[in-house]
Amino acid sequence: MGEVMNRKIKKILIANRGEIAVRVMRACRDLGIRSVAVFSDCDRGAYHVRMADEAYHIGPSPASQSYLVHDKLIDVAKRSGADAIHPGYGFVAENAVFAERCAKEGIIFIGPTAKAIGLLGDKLAARACAIEAGLPVVPGATIDGASAEEALAIATKVGFPVLVKAAAGGGGKGMRVVRSADMLEESLKTAASEAKSAFGDGRVYLEKYLERPRHIEIQILCDMHGNGIHLGERECSIQRRHQKVIEESPSPVMTPELRERMGMASVNIAKRAGYVGAGTCEFMVDQDLSFYFLEVNTRLQVEHPVTEMVTGVDLVKEQIAIAEGEPLRYRQDDIKLSGHAIECRIYAEDPEQGFAPSTGTLKHFRIPAGPGVRVDAGVVIFADIPIYYDPMIAKMIVWGHDRTEAIARTKRALEEFRVFGLKTTIGFHRVVMDNATFVKGDLSTRFLEEEYPDNKYTVLDTDTREHAAIVVALDTFMKERHIAVSAKNDGTNDGAVATLTPWVAFHRRGGLRTFQGSGS
Amino acid sequence: MKRYLVTIDASEYTIDIDYRSETYHVTVNGKEYNCEVSKLGESRSLMLLNNLSYEVDVHSSGYESRRVAFMRGMEIPADVEDYNLAQMRKAAGVKIGEKIEKVLKALMPGLVLKVHVNPGDSVVKGQPLFVVEAMKMENVIKAQSDAVIKAVHIKAGVSIEKGDKLLEIA
């Protein structure tokens, strides 16, 4: 491992914004380390700026001109006298060039080395590294000019169904699922011709197709002294647009034996890659519980708090200790999972419009509390949600003694969570918590498309629907009465609003014109 | 007394409201409720419906009769109409919210990435019109109905602000 430089960190620049910047600053406070925030134009009054000990403006709102500019980050680190940079997730977190730059400038990068980031960030190199470390990968092979018999032999070895796709490209072009041997030759031909026309490269890649895979990942911690441990798993199968929305630990299908195998596999690939710091090894898990390596995320994950809640380990504190050159304070035997944690990501999005972003001002923002509830928010009331960055405004993490209690507490907390002024995913989460398939723990990455094919997430019981009807009628009545009362008080209108005949009102709002024009 | 027709998920509620001495007397499809309302903010209220407590936020959304009620962690879309107006609307054979926007305006700031239509084009409901990037995401804006494009005010690479006119249909 070479010599280890032991250096106490006194001040950390957080090269990020939003909830993760706030999260890192909290760890700094706990450790008596001073925190330095950076902010763009639109983040001038942002929560992470308010939380920091010092804050520096680094340019215009687009991240490409502020949070992503290496020179500016390094400059602030030097001006503020920060001895370390924590990248959070996103932005410069998995950037080998930035990690290398920090090393050159004598600033501690709180994360793995540039070399490890580079190796694991390259999909092919990471897959090769995983195979060397003895990890299972999704079986497959490139088929280039193979005969029909050879192709069939490969497919049979891999096992049907198989996925046939262009070796050169992505984006679903030339991709098809083949369920039986008699369909194979035909599908390979079509895929090859589509690949040829789309990418100018007719090579086809054939791999095992997982029907309803789960996404399960293992949290790891490695120090500079060659020690590595895993902290159990997180199940992150519930995704939209390949982005996680609900995560939990432990996974409802996990067994101690499988956890041990996946955990050891993750520590093995980390050691082979010379990994240092907190990292996550992602797997696809088939319905028969076979697991396949996907990739290593060389950073702190958004969903790290579910692991913190069930292990009691503060991952950010450990990242800092590791970066200082300390040996891991935990051995594998010290890590005991207790209870169950669920995280709901609260996005400023409209789930019923295909999770389209929703911008605006937070007219009201009240965070839930009570037993088992933790909220990592990146915003405060009256904040404007800018269009430039990720629309996640908060994470709500709830702990229970078991999954049933965790779900019950999550429902309670979602009902307490009040965000008014823009659309959020709170209602969506509330509906999922009642979904029978979710409650059974029968998850897969296709959960949302299977359970909610038309993106409709409002499931109302009769009583609630009736109460909602009263609520909107009362609200309308109060507003109309208010107008009528103000008109009367005004003395000029003599209550005219209240005495409009329905026909006049109907004409005024263009009802008939609408009717005539509605043939379009 | 005032009578409304509220529609949620195609279920209709005929609601009578009478305000007497600080209490709202509400009858829903014949069932009675005594309601108390405390205003909490611009659009927020605390409502007690037969003593069942709801903190709610009700705001307008889209077309005239459309409201979205946020309560108990859920966002519930509902249509509220004056009862008599609703009867006339029904007699005229008009569906709720059938009024179609002739001028499409930007709902949020963003960057136009692609424009798929030209003036004079006929489009069918659901056909992509243009693509806007906002909040790191590409949003495909689709036709709400079959229509003929009258004017196009945007082109690829242009930034748009909330409220900007984007397209007009004939």
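It should be noted that the structure appears before, not after, this text.
Residues numbered from 1 in each chain as written. Chains lettered and ligands numbered in written order. Predicted model: local features only at pLDDT ≥ 70, side-chain atom pairs only at ≥ 80, totals over all residues. Heavy atoms only, no water.

A. View of the pattern of salt bridges. Residue and element names in this part refer to chain A. Enumeration according to the criterion identifies 58 salt bridges over all chains in this entry. Two residues, Arg 176 and Glu 194, come together in a salt bridge whose shortest N-O distance is 3.5 Å. Of the two residues, Arg 176 sits in strand β8 (residues 176-178) while Glu 194 sits in helix α8 (residues 184-199), which places them 18 residues apart along the sequence. For Arg 176, a relative accessible area of 24% corresponds to the partly exposed category. Between Asp 434 and Lys 411 there is a salt bridge, with its nearest N and O atoms 2.8 Å apart. With Asp 434 in the loop between α13 (426-432) and α14 (436-440) and Lys 411 in helix α12 (residues 403-416), the pair connects residues that are 23 residues apart, well separated along the chain. For Lys 411, a relative accessible area of 23% corresponds to the partly exposed category. Bridged by salt links that share partners, the residues Glu 217, Arg 234, Lys 244, Glu 247, Glu 282, Glu 303, Glu 343 and Arg 345 form one connected network. (Salt bridge = Lys/Arg side-chain N within 4 Å of Asp/Glu carboxyl O. Helix = DSSP H or I, 4+ residues; strand = E, 2+ residues; numbered from the N terminus. Buried < 20%, exposed > 50% of the residue type's maximum accessible area, 1.4 Å probe, protein only.)

B. How the structure looks around the packing of aromatic side chains. All names here are of chain A. One pass over the full model with this rule turns up 16 aromatic pairs over all chains. With 5.2 Å between their ring centres and 20° between their planes, Tyr 67 and Phe 91 make a pair best called stacked. Placement of Tyr 67 in the loop between β3 (54-57) and α3 (70-80) and of Phe 91 in the loop between β4 (84-86) and α4 (96-105) is noted, with a sequence separation of 24 residues between them. Here Tyr 67 falls in the buried class, since its relative accessible area comes to 0%. Given a relative accessible area of 26%, Phe 91 falls into the partly exposed group. (Phe/Tyr/Trp six-rings, centres within 6.5 Å; stacked < 30°, edge-to-face > 60°.)

C. Summary view of the interface of chain B and chain A. With 62 residues of chain B in contact, the opposing surface of chain A contributes 61 residues. Here chain B and chain A share an interface that buries about 5800 Å² over both sides, 66% of which is from carbon and sulfur atoms. Of all residues in chain B, Glu75(B), Met88(B) and Met135(B) give up the largest surface area on contact with chain A, accounting jointly for 12% of the area buried on that side. Two residues, Glu480(A) and Lys2(B), come together in a salt bridge whose shortest N-O distance is 3.3 Å. Summed over the shared surface of chain B and chain A, the result is 13 residue pairs in polar contact (both at pLDDT 80 or more). The element contributing the most residues to the side of chain B that touches chain A is strand β8 (residues 74-82) of chain B, with seven residues. (Contact = heavy atoms within 4.5 Å. Buried area = accessible area lost by both parts, 1.4 Å probe. Polar contact = N/O pair within 3.5 Å; in protein donor to acceptor, adjacent residues only side chain to side chain.)

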